[in-house]
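Here is what each chain is made of, one letter per residue.
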Amino acid sequence: MASIFRTDPSTGLKIDRASENLIRWNLIAALATLAVGGLLALGVVLTRWPSVHLLPLDYYYRFLTLHGIDALLAWIIFFEIALVHFTSTVILGTRSYVPWLGWLAFALMLIGGGLINVIVLMGGADVMFTSYVPLKADPLYYIGVILFAVGALLGFIIFFINIVLSKRDGGYKRSLPLGSFGMLAASIIGVLTLAHGAAIFIPTLLWALDFIPWVDPAAYRLVFWGLGHPSQQINVSAMVAVWYMTVAFVLGGKPVNEKLSRTAFVLYILFINVASEHHLLVDPVLSTWHKIVNTSYMMHLAVLASMIHAFAIPASIEVALRKQGYTRGLFEWLKKAPWGNPAFSGMAISILLFGFLGGITGVIFGTEQFNIIRHNTIAITGHFHGTVVAGTTVAFMGFTYLLIPYVFRREIIWKGFASIQPYLYGTGVALLSIGMMSAGSFGVPRRHYDITFSGAPFSFTFDPSIDMFLSMMGVGGLLAVTGGVLYILLGFGSIIWGKKIEH
Amino acid sequence: MAIYEPERVWWNPLSKDERIWVALALIWMLVSFIFMPIYHLVGAQNPPAETYSVSAEDYDKLVEGMIAKYKVGEENGFPVVHPSADEPVYIRASMWQWYPIVELEKGKTYKLHLSSMDIQHGFSLLPINMNLMVLPGYDYVATITPTTSGEFHVVCNEFCGVGHHMMVGKMYVKEPAK
């Protein structure tokens, strides 16, 4: 078996050929879907910017639907499956035990994702990311979603198979490394989440095929958000695992207290699935106390977990940098941190923006009383661009600059551009997110083609200050797309033309 | 390191800094946890929970019944109704209109019913920015007491097809008649 492994010269990681190929192709698919999702984002944001209002009506909703699929679902899950393979084989120093299952998962995700893209662009599914019934899409759309979800489910199952067999072969003796432990949490939440997906998309497909007469819209919302929000907790767990691993790879830092960090991951698993009912705070059917138990009690325990990571990771960065000799005063370590290394700056920007933009607004918007003045406004869009874009996407972008040398054995090209990429993208998304949240506080709706309401029987004029906030969103969107294009160029450029790393 | 297996025993006590941080975070979370239900009991504005199951045909009859009884005018083809506060007020959502225009009186308490004839819609009352979901098959009842008079608009904020951006309705709040 020894011959299939190679050892990475800079880290001493043992990588076997099968998992190397799986990680490579999942990364390539992630980059490709982000490229498509980002281009669609450009169309969407330039339409929501009232002074530009770029796209025609049908293309706006079509691009918006597909932007959610490609940028939220496909890019992030392809990257997470790459992380699944990375943390369950390379980090443990053992091989990929079921590469065939990895390729099956990859093929299903690719076919499902491709099918969704084709159907939506052909106009068969103008239903938005949420596809709330009884708004109906072409049955092939639901089939695409189910294929993608089954692929993702198999991808997460590979994690469990690999870690069990790796222990047998001595990959680890008692406990997983923390990075893998974080991905274990992500995989557990992934399985729970995708079970919700099956529970709702299979009946919806049957309804679209006219086999069953009606899917209850309130039940659909309840179960859909059992998929929709906990799947963001897959992203949070994977992102936090990436933060810990980045600290280890870039600074050689170790978690200050394994017990604390691991407990926090367990809190995510236990409490986040039910907390997703904050999507239903202004829905009929559910009783008030039902909503309060889920959003108050459950949500705050999950937030506690994030608060723990918010302490543990900066602490481990500080400890690692002080060990390197930056001990003068309180903040020399912070000043001397490797801010020019895009892996480090990506992580730092992700921590900062996820916490202060995405996390805090999530807690606020998720409270019962506040939700009624934010539900379905563009403030919600601002919130989740603070979490999944400024948080997860930026963290994954930063980690790409580590993965490409390890997995593709290529150096990153254009080092200067790479070192500014996280700042450019992070600034753009921060402006976009703050602009959206500010405009939303005046009631500007999300998923809305024309807030001047042309053609409507009555017209409403928003507070004039929204022009400034929506321009801020537009400028931020342009900056973010620029940073995103740079990331794609750096990623594919390094994979194709990067200098080969020999050992 | 997060990429290597931890030492044999990693279930170690927390340091002082960690204990302080976790305690503060926990206290903050407990305060938020307790405050939300308390505010529900003492606060002035909470999302409603009263719901009935209703078919589109039955709800439509209720809307038309209210219009027949309380119609006071017409605007852009939409009837304007001025219902009594003792009776339910019905607003009907459909692709792509809010129907009819209701006229309420400041300071009186109304039961505002919302239901959809076709697909999901979002009731967004502007400029006060109050948002509720409107689902087909369900009658969602908000108990509201207008505190400011004037002209309000209802915008749809859940995507409902190509006419979504044209789904704008109106609502009036009048000073109470003496």
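Numbers given for residues are sequential positions, taken from 1 along each chain in its written order. Written order determines the labels here, with chains lettered from A and ligands numbered from 1. Two thresholds apply to this predicted model, a pLDDT of at least 70 for residue-level local features and 80 or more for giving and counting side-chain atom pairs, whereas whole-chain, interface and lining totals are computed over all residues.

Considering the overall build of chain B
Applied cut-off: Here a helix means four or more residues in a row that DSSP labels H or I, a strand means two or more in a row labelled E, and each is numbered from the N terminus. As defined in this context, the radius of gyration uses C-alpha atoms, and a globule is described by 2.2 Å times the residue total to the power 0.38. Counts of 20 or more other C-beta atoms within 10 Å of a residue's own C-beta define buried residues, counts of 12 or fewer define exposed ones, and intermediate counts define partly exposed ones; C-beta atoms are placed from the backbone. Two residues qualify as a contact pair if the distance between their C-beta atoms, derived from the backbone, is within 7 Å.
Of the regular secondary structure elements, chain B holds two helices and twelve strands. Shown N-terminal to C-terminal, the secondary structure of chain B runs as helices and strands in the order α-β-α-β-β-β-β-β-β-β-β-β-β-β. A compact globule built from 178 residues would reach a C-alpha radius of gyration of about 16 Å, whereas chain B, at 24 Å, exceeds it by more than 25%. With the principal axes as the frame, chain B shows a C-alpha extent of 80 × 40 × 30 Å. Across the 178 residues in chain B, those meeting the buried criterion constitute 35%. The long-range share in chain B, meaning contacts at least 24 apart out of those at least 6 apart in sequence, stands at 55%.

Things to note about the interface of chain A and chain B
The following threshold applies: Residue polarity is assigned by list, with Asp, Glu, Lys and Arg as charged and Ala, Val, Leu, Ile, Met, Phe, Trp, Tyr, Cys and Pro as nonpolar; anything else, Gly included, falls into the polar class.
Counting residues at the interface gives 69 residues for chain A, matched by 60 residues for chain B. If you list the elements that add at least two residues to the side of chain A that touches chain B, you get helix H2 (57–90), helix H5 (178–208), helix H6 (217–228), helix H7 (230–251), helix H8 (258–275), helix H9 (288–323) and helix H12 (368–371) of chain A. If you tally residues by element for the side of chain A that touches chain B, the top one is H9 of chain A, at ten residues. Here the residues of the side of chain A that touches chain B are counted per class, giving 39 nonpolar, 18 polar and twelve charged.

Things to note about the nonpolar core
For clarity, the threshold we go by: Buried Ala, Val, Leu, Ile, Met, Phe, Trp, Tyr and Cys residues form a nonpolar core when they are connected through C-beta atoms within 7 Å.
Judged by nonpolar contacts, the single largest core of 216 residues is most densely connected at Phe78, Trp243, Tyr244 and Val247 of chain A. Sort the elements by how many residues they give to this core and H2 of chain A lands first, with 21 residues. Sequence-distant contacts of tyrosine 244 of chain A, that is, excluding residues within four places in its chain, are made with Leu178, Gly179, Gly182, Pro255 and Ile313 of chain A together with Ala2 of chain B.

Focus: the domain arrangement of chain A
Interface size is commonly expressed as the accessible surface area that is lost when the partners come together. Residue and element names in this part refer to chain A. What counts is decided by this rule: Either an automatic procedure or a domain database provided the assignment from which the domain bounds are taken.
Annotation of chain A at the domain level lists domain 1 (1–174), domain 2 (177–204 + 218–337) and domain 3 (377–503). Residue-level contacts link 22 residues of domain 1 with 24 residues of domain 2. Going through the elements one at a time, H2 and helix H4 (139–168) are the ones with two or more residues in the side of domain 1 that touches domain 2. Among the elements that make up the side of domain 1 that touches domain 2, the one with the highest residue count is H4 (ten residues). Partitioned by chemical class, the residues of the side of domain 1 that touches domain 2 number 17 nonpolar, four polar and one charged.

Here we look at H6 of chain A
Counted only if it meets this: Helices are assigned an expected span. That span is 1.5 Å times one less than the residue count.
Given a rise of 1.5 Å per residue, twelve residues ought to cover 16 Å, and the 15 Å separating the end C-alpha atoms of H6 of chain A matches this to within 8%. Within H6 of chain A, burial applies to Pro217, Ala218, Tyr220, Arg221, Phe224, Trp225, Gly226 and Leu227 of chain A.

With respect to the environment of leucine 192 of chain A
Residues and elements named next belong to chain A. One can find leucine 192 in helix H5. Residue leucine 192 is classed as partly exposed on the basis of its 19 C-beta neighbours within 10 Å. On a C-alpha basis, the gap between leucine 192 and tyrosine 61 in space is 30 Å, while along the polypeptide they are 131 residues apart.

Focus: H2 of chain A
Residues and elements named next belong to chain A. Let me state the cut-off plainly: At any given residue, the bend is defined as the angle formed between two axes, one fitted to the seven residues that end at that position and one fitted to the seven that begin there.
The end-to-end C-alpha separation of H2 is 47 Å, in line with the 50 Å expected for 34 residues at 1.5 Å each. Along H2, the helix axis deviates most sharply at aspartate 70, where the bend reaches about 25°. Within H2, 31 of the 34 residues are buried, which leaves it mostly tucked inside the rest of the structure.

Looking at the packing of helix H11 (residues 342–365) of chain A against helix H14 (residues 415–440) of chain A
Residue and element names in this part refer to chain A. Here is the rule: Every axis in this analysis is a line fitted to C-alpha atoms, fitted for helices over the stretch in contact. Angles between the N-to-C directions lie between 0 and 180 degrees. The labels follow the angle: roughly parallel below 35 degrees, roughly antiparallel above 145, roughly perpendicular from 65 to 115, and oblique for the rest.
The geometry of H11 relative to H14 is characterised by a closest axis approach of 8 Å and an angle of 10° between their N-to-C directions. Our classification of the angle between H11 and H14 gives roughly parallel. Mapping the contact onto sequence places Pro342, Ser345, Gly346, Ile349, Leu353, Leu357 and Thr361 in H11 and Ala418, Ser419, Gln421, Pro422, Tyr423, Gly426, Ala430, Ser433 and Met437 in H14. Considered class by class, the residues forming the contact of H11 with H14 number nine nonpolar, seven polar and no charged.

Points about the sheet that holds strand S12 (residues 168–174) of chain B
All names here are of chain B. This is how the line gets drawn: If DSSP finds at least two bridges between two strands, the strands pair.
Here we have seven strands laid out as an open sheet, ordered S2-S3-S6-S12-S11-S8-S9, and mixed in their pairing. Looking along the sheet, the strands with just one partner apiece sit at the ends: strand S2 (71–75) and strand S9 (130–134). Between one strand axis and the next, the sheet turns through 25° on average, direction left out of account. As paired strands, strand S11 (residues 150–156) and S12 are joined by six bridges and run antiparallel to one another. Note on S12: the bridge partner recorded for histidine 153 is lysine 170.

Description of the sheet that holds strand S5 (residues 97–99) of chain B
Residue and element names in this part refer to chain B. Judged by pairing direction, the sheet is mixed, and its five strands sit side by side in the order S1-S10-S7-S4-S5 without closing on themselves. This sheet does not close on itself; its edge strands, each paired only once, are strand S1 (50–53) and S5. In this sheet, adjacent strand axes meet at a mean angle of 25° when their direction is disregarded. Pairing analysis gives four bridges linking S1 to strand S10 (residues 138–144), with the strands arranged antiparallel. Bridge pairing in S10 places serine 53 opposite tyrosine 138. Set on the sheet, helix H2 (residues 56–70) makes contact with strand S4 (89–94), S5, strand S7 (110–116) and S10; between it and S4 the angle comes to about 125°.

Concerning the pairing of strand S3 (residues 78–81) of chain B
Here S2 of chain B pairs with S3 of chain B via four bridges, running antiparallel. The partner of glycine 73 of chain B across the bridge, within S3 of chain B, is valine 80 of chain B.

Here we look at the packing of helix H13 (residues 378–408) of chain A against H14 of chain A
Residues and elements named next belong to chain A. Two elements in contact, H13 and H14, have axes separated by 7 Å at closest approach and are oriented at 170°. Taken together, H13 and H14 sit at an angle that is classed as roughly antiparallel. In terms of residue class, the contact of H13 with H14 is made up of 18 nonpolar, nine polar and no charged.

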